[in-house]
Amino acid sequence: MERSISFSSFTPKRRIRFWENSIVRRYFLISLLVALVPLVIAIFLYDRLTSQLQDNIVSQRYRFQLEQVRTEMINRLQHHQRALKAIASLPDIEQLVSTGSELSLPAGTLNLIYFDIDQPEIYGALFFDRDWQLQRAIPGQSASGSPYWGQGEFSLQNLPRSRLGSDWLIGPQPPKRGLSGWYLIARPLPAADPFGPSPGYVAFQLRLASLTTALSELNSTEHTGCFAVAVHQCFNQLGKNIAPIQQPVAQLPVINNWRISMLPDSDVADVWIDDPRWLYLVLGAMALLLVLLFFIVLVHRARQRLEPLIQGADAIARGEWAHRIEPFGHDEVTQLTVSFNKMADQLDELMASKVKMERKAVQGDFATGVAHEIRNPLATIKVCIQSLAIPSGQTDAAELKQLMLEEIDRINQLIQNLLNYSRPPEPEIREINVRQLLERVVKLLRPLAAEKNVALEYHAGEPVRLSIDPEQIQQILMNLVLNAIEAIESKATEGSILLQCEQQQELVNISVKDNGPGIPEGSLQQVLDPFYTTKTTGTGLGLAISAQLASLNGGRLDLESEPGLGTTASLTFG
Amino acid sequence: MKPLLLSLALSLLFTVSATRAEELVFGASEAEAELRVGCLYPLTGAAALWGRDAAAGIEMALDHVNKSYPQVPRIRVYIADTMGKQYRSREIVQQLLQQRKVDVLCGVVNSNIALETSRLAREHQTLFLGAGHSTSRVSEEELHPWYFHLNNDAQQSMYVGALYLKELQQKEDWKTIAYIGPDYEYGHQIWQQLIKSLDRLGVKYKVIDEYYSLLNETDYAAYIEALSKNPPDILVNGHWTRDLVRFIEQANNARLFEKTQFVNFDTGGGYFVLDRLKDVLPENLVLSGRHHVNWPRTDRNMAYVAEFERRNKRLPTFVAQGAYTVFIALAEAWQQAPKKDMASIRQTLEGLKLSLPEDPEGFQSWINAETHQIMQVQAIGRTRAVLSDEDAAHSLVRNIRLNNWSVYYPSDLTTRKLLNGRETRAD
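Residues numbered from 1 in each chain as written. Chains lettered and ligands numbered in written order. Predicted model: local features only at pLDDT ≥ 70, side-chain atom pairs only at ≥ 80, totals over all residues. Heavy atoms only, no water.

(A) Main features of the overall build of chain B. Helix and strand counts for chain B come out as 14 helices and 16 strands. Its C-alpha atoms give chain B principal-axis dimensions of about 60 × 60 × 45 Å. Counting every position in chain B, which comprises 427 residues, the buried fraction comes to 63%. Taking the contacts inside chain B whose residues are at least 6 apart along the sequence as the reference set, 69% of them involve residues at least 24 apart. Put simply, chain B shows about 15800 Å² of open surface, and 47% of that area lies on carbon and sulfur atoms. (Helix = DSSP H or I, 4+ residues; strand = E, 2+ residues; numbered from the N terminus. Buried < 20%, exposed > 50% of the residue type's maximum accessible area, 1.4 Å probe, protein only. Contact = heavy atoms within 4.5 Å. Areas by Shrake-Rupley, 256 points an atom, 1.4 Å probe, with all protein chains shown as cover.)

This is the structure:
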């Protein structure tokens, strides 16, 4: 039976969906989850921790900066409070809050007031009666317009007021066109009677921007320092009232409802880019993405490796026994491919053997039937012929009778061979010395060989022992030697036949080597098939039976031949 | 008890400090003096240059008066050092009036001190010839018969500035304007007067913002940053003296002038700023001053500048010119007064015409009889990197890089009466 083996590489005949019913996908997905889940958890925890840490550090920094600014503001306020306290304690100071009276202040009193307000951040000193009606305004070096000079509005109405110890904080008054923002610190003047009401107040009108300049500590590329008293109010470092459009990131009360805060700078829209935390998160996300892509590529490649195996299995299942997968690489899939090919080989052999067995069974049944149907009449014919009385002297008839009997025997032998091939006898295994076996075969056949002018020798070397059926192996060897003699005879040259026995590790090899004409290259594959013969008189069963017997004895019969140089038949036992 | 002790100690301190204050005296001896003039200028401290320039101007004026006004009595001038402090100024005025028995008060650079001194002059019925300060309030709400303002005030400077901006708008179509100036009377007046003048002239504009820096501010970074974020087409500046020099230097370093047109119409073109900035003075700034050393290029002005330079080894600031004007006006009034007493002199000063170095050819300064405000020509220039051939050839002013003048005469200020009802009677 002619068989051919084909190798296949990956050709996607059947598309397997990537995300469906794939163990590869499942394993890789699990692997991916195993890799990603801790990574995501780690990133999440890291982000939370760094975020909290950063928030803590930032809030502490904000707090520290706000505390600094508050301290500076309070120091400024306290500085003015001390000056106000000194002025309020001056003798006859209450004259300045009385209406319409002529001043009879000591010379130093006014000078002290002028001295105290001679600072750029003080617009002037204001004196109010107990009903907060302005009675006098003494200009400082930064005074401007009303109430010091000229006509103009000056009112404390609608200005926020809060206590600062025993003093009052009034304002701030936001800047107006052509005028700066200001606020007041006012101190009640002491009453002449210890239990009487205060006659009025002395106040400093102060430059708002000199207070808010402390906010410069809070200014950065991300934040703007803000001072406010009312809601939706924000005085910046320059004392300008800017509309706060965002919630403060941090704030701190200064005094009562006076508070300072840090507003996010609306001009810095992309400030998050500078945040290292976001950088880490982006890097983490990129790492996740890369891992994901890497796993997808891995899955794809693994599927590419496994796809030929799947297709191969499909092909085998369809009965394409000759389908093989070409292995490449040096990994587990390669090993699996090699194993698959081995399995396919074995399966192929098994199937061939099964066919052969089935065919032999058929042949056996046929042979048994034929033998039964032919042998009985043949036996009758033989008996009849033997019973034929040939008169003496009829030499030709006697020869013919003898010839018929021999032909009947030959037919019987042929039928016996056929039966033997179809139902070979069970070997009777026992351990023998191969040398003795070779010696006996040579002794038996040497006369015949000599007759045919063929030198028959054997070479046994070291003693070799084999567990075989000696009768069956002897039958094989004799068959091989007889075939060799016949082949040499047909060559009509001096021939030689050498029987050898060699042991190579676990293998024992018995060979029959002749220098006959050899077997044509086209016939070498078929000479072991039953009924195949190149001889005109052969049955074609000799070598087939020999190969079958070798197989029954655990061995194998192989033929090697070079046309014109000879043939070597090898019996190999493992 | 403690406050009483404190006040006594401070009173003593004031007395001692005022007594020990530096004082310059010029002119006739104590015994020979027929007319005593007491001036208040800073002679020490950060603003001492102004006082020194005023003293040099007074000295030159006295020499000129002695030479040109034979009828004028012998004048003795006391220059008291205010140190630029308001609390000292009150005490000094009292001392000048009571101890030095001065007939006339003069001077004062700081507008706030000028307003206070003017009030004291009114209280004591003493003639106060103001020179050096700029606020127009002294000749408006605070005006009294004894006060005369002998240099251009903020209202005049800003009205001229508004005229200049109106012409500039016709040429360059500017739309937005912002202001920065010192946070006191002068700085507020400059902006208020400019806005008022722009409105009166019908100029369309949008105010982006206004900023008031602390007097004697040293760091303008926050203001410059705010201006740079939203630069106006026109940036009006009301600083003067070192504040102005520092602002220009810092704004120039921050490249603010590449984004906006800088203008200062009152003092920026004076010699102080030009001298301090010299070669680093940025180009294309619009500046004006109450006196320019290179304008008008008249013989009298050049002679005045040259004489000042010969005597003091430096060129004069506008304060020197103001102090000089005081004594020329006093001498001229004395000469013209029918009676040689202060009441007559005061009346003569009203509407007085006088020739001054800062007057261009064919023009005489005069004192508005109603407002007591001197009326003078104002020139506005632009800074240039390259000197004009005329300036480059002039040994005196060759380092002055302010030219390309726009000149405004008081007769052009016809709307002035619309602003506050004051007439320009003598025009």
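From this point, the narrative continues.
(B) View of the interface of chain A and chain B. On the chain B side, the residues contacting the 37 residues of chain A number 37 residues. Both sides of the chain A and chain B interface together cover about 3200 Å² of buried area, and 54% of this is carbon and sulfur. It is Gln141(A), Trp149(A) and Leu238(A) in chain A that bury the most area against chain B; as a group they hold 19% of the surface buried on that side. The interface formed by chain A and chain B holds three salt bridges in total. Asp209(B) is the salt-bridge partner of Lys240(A), the closest N and O atoms lying 2.7 Å from each other. At the surface where chain A touches chain B, the tally comes to 22 residue pairs in polar contact (both at pLDDT 80 or more). (Buried area = accessible area lost by both parts, 1.4 Å probe. Salt bridge = Lys/Arg side-chain N within 4 Å of Asp/Glu carboxyl O. Polar contact = N/O pair within 3.5 Å; in protein donor to acceptor, adjacent residues only side chain to side chain.)

(C) Highlighting the side chain of Ser144(A). Tracing the chain through its elements places Ser144(A) in the loop between strand S3 (134-139) and strand S4 (161-164). A relative accessible area of 9% places Ser144(A) in the buried class. Within the local environment of Ser144(A), its side chain forms a polar contact with the side chain of His188(B), the two groups lying 2.6 Å apart. Not counting the four nearest positions on each side in its chain, Ser144(A) is found in contact with Trp149(A), Leu179(A), Tyr184(B), Glu185(B) and His188(B).

(D) View of a nonpolar patch on the surface. All names here are of chain A. A cluster of nonpolar side chains, namely Leu-29, Leu-33, Val-37, Ile-41, Phe-44 and Leu-45, defines an oily patch on the protein surface of about 520 Å² accessible area. Secondary-structure assignment places Val-37 in helix H1 (residues 23-88). Judged by its relative accessible area of 41%, Val-37 falls in the partly exposed class. (Patch = residues over 30% accessible without salt bridge, like charges linked within 9 Å, V, L, I, M, F, W, Y side chains within 5 Å.)

(E) Here's a closer look at the packing of helix H2 (residues 48-68) of chain B against helix H10 (residues 299-312) of chain B. Residues and elements named next belong to chain B. Two elements in contact, H2 and H10, have axes whose closest approach is 11 Å; the angle formed by their N-to-C orientations is 115°. Handedness of the crossing formed by H2 with H10: right-handed. Touching Asp-53, Ala-56, Gly-57, Glu-59, Met-60, Asp-63 and His-64 of H2 are Arg-300, Tyr-304, Glu-307, Phe-308, Arg-311 and Asn-312, all from H10. A class-by-class count of the residues in the contact of H2 with H10 yields four nonpolar, three polar and six charged. (Axes fitted to C-alpha atoms, helices over the stretch in contact; angles between N-to-C directions. Left-handed = near helix turned anticlockwise from the far one by under 90°. Nonpolar A, V, L, I, M, F, W, Y, C, P; charged D, E, K, R; others polar.)

(F) How the structure looks around the nonpolar core. One finds Tyr41(B) and Phe327(B) to be the most contacted residues of the largest nonpolar core, which totals 120 residues. Of the residues forming this core, the biggest block, 13 residues, is contributed by helix H11 (residues 318-336) of chain B. In this structure, Leu66(A), Val97(A), Ala214(A) and Val229(A) belong to the second largest nonpolar core, which totals 48 residues. (Core = buried A, V, L, I, M, F, W, Y, C linked by side-chain atoms within 4.5 Å.)

(G) How the structure looks around the state of the cysteines. Tallying each qualifying case throughout the model produces two disulfides over all chains. There is a disulfide in this structure between Cys226(A) and Cys234(A), and the S-S distance comes to 2.1 Å. When its relative accessible area of 2% is taken as the criterion, Cys226(A) is described as buried. Residue Cys39(B) pairs covalently with Cys106(B) via a disulfide, S to S 1.7 Å. Across the S-S bond of Cys39(B) and Cys106(B) the torsion is about 105°, and the bridge reads as right-handed. Linking Cys39(B) in strand S2 (residues 35-41) with Cys106(B) in strand S4 (residues 104-107), this pair joins segments that are 67 residues apart in sequence. Residue Cys39(B) shares its accessibility class with Cys106(B), and that shared class is buried. (Disulfide = S-S within 2.5 Å.)

(H) Representation of the pattern of salt bridges within the structure. Residues and elements named next belong to chain A. Considering all chains together, one arrives at 36 salt bridges over all chains under this definition. Here Asp-348 makes a salt bridge to Arg-324, at a shortest N to O gap of 3.9 Å. One end of the pair, Asp-348, is in helix H5 (residues 332-387); the other, Arg-324, is in strand S11 (residues 323-325), and 24 residues separate them in sequence. On the basis of relative accessibility, which here comes to 8%, the residue Asp-348 falls in the buried class. Close ionic contact of Asp-409 with Lys-382 constitutes a salt bridge, the shortest N to O distance being 2.7 Å.

(I) Spotlight on the domain arrangement of chain B. Residue and element names in this part refer to chain B. If you check the domain split of chain B, you get domain 1 (22-153 + 301-375) and domain 2 (155-294 + 378-420). For domain 1 and domain 2, the distance between their C-alpha centroids amounts to 26 Å. Between domain 1 and domain 2, the residue contacts involve 38 residues of the former and 29 residues of the latter. Buried surface at the junction of domain 1 and domain 2, summed over both partners, amounts to about 3000 Å²; 57% is from carbon and sulfur atoms. The interface formed by domain 1 and domain 2 contains one salt bridge. Across the salt bridge formed by Glu-185 and Arg-137, the nearest N and O atoms sit 2.6 Å from each other. Contributing elements (two or more residues each) for the side of domain 1 that touches domain 2: H2, helix H4 (111-124), H10, H11 and strand S14 (374-375). No other element matches H10, which puts six residues into the side of domain 1 that touches domain 2. Class assignment for the residues of the side of domain 1 that touches domain 2 results in 18 nonpolar, 15 polar and five charged. (Domains from an automatic or database assignment.)

(J) Structural view of helix H3 (residues 86-98) of chain B. All names here are of chain B. With 13 residues, H3 extends 19 Å from end C-alpha to end C-alpha; this agrees with the ideal 18 Å at 1.5 Å per step. H3 sits mainly inside the fold: eleven of its 13 residues count as buried. Those residues of H3 that sit buried are Gln-86, Tyr-87, Arg-88, Ser-89, Arg-90, Glu-91, Ile-92, Val-93, Gln-95, Leu-96 and Leu-97. (Expected span 1.5 Å × (residues − 1).)

(K) Structural detail: the packing of aromatic side chains. Taken as a whole and judged by the stated rule, the model has 26 aromatic pairs over all chains. Through a chain of ring-to-ring contacts, the aromatic side chains of Trp50(B), Tyr184(B), Tyr186(B), Trp240(B), Phe272(B) and Phe318(B) assemble into a single cluster. The aromatic ring of Trp132(A) is capped on one face by Arg161(A), whose charged end is 4.7 Å from the ring centroid. When the ring centre of Tyr211(B) is taken as reference, the NZ or CZ atom of Lys240(A) above it lies at 5.2 Å. (Phe/Tyr/Trp six-rings, centres within 6.5 Å; stacked < 30°, edge-to-face > 60°. Lys NZ or Arg CZ within 6 Å of the ring centre and 35° of its normal.)

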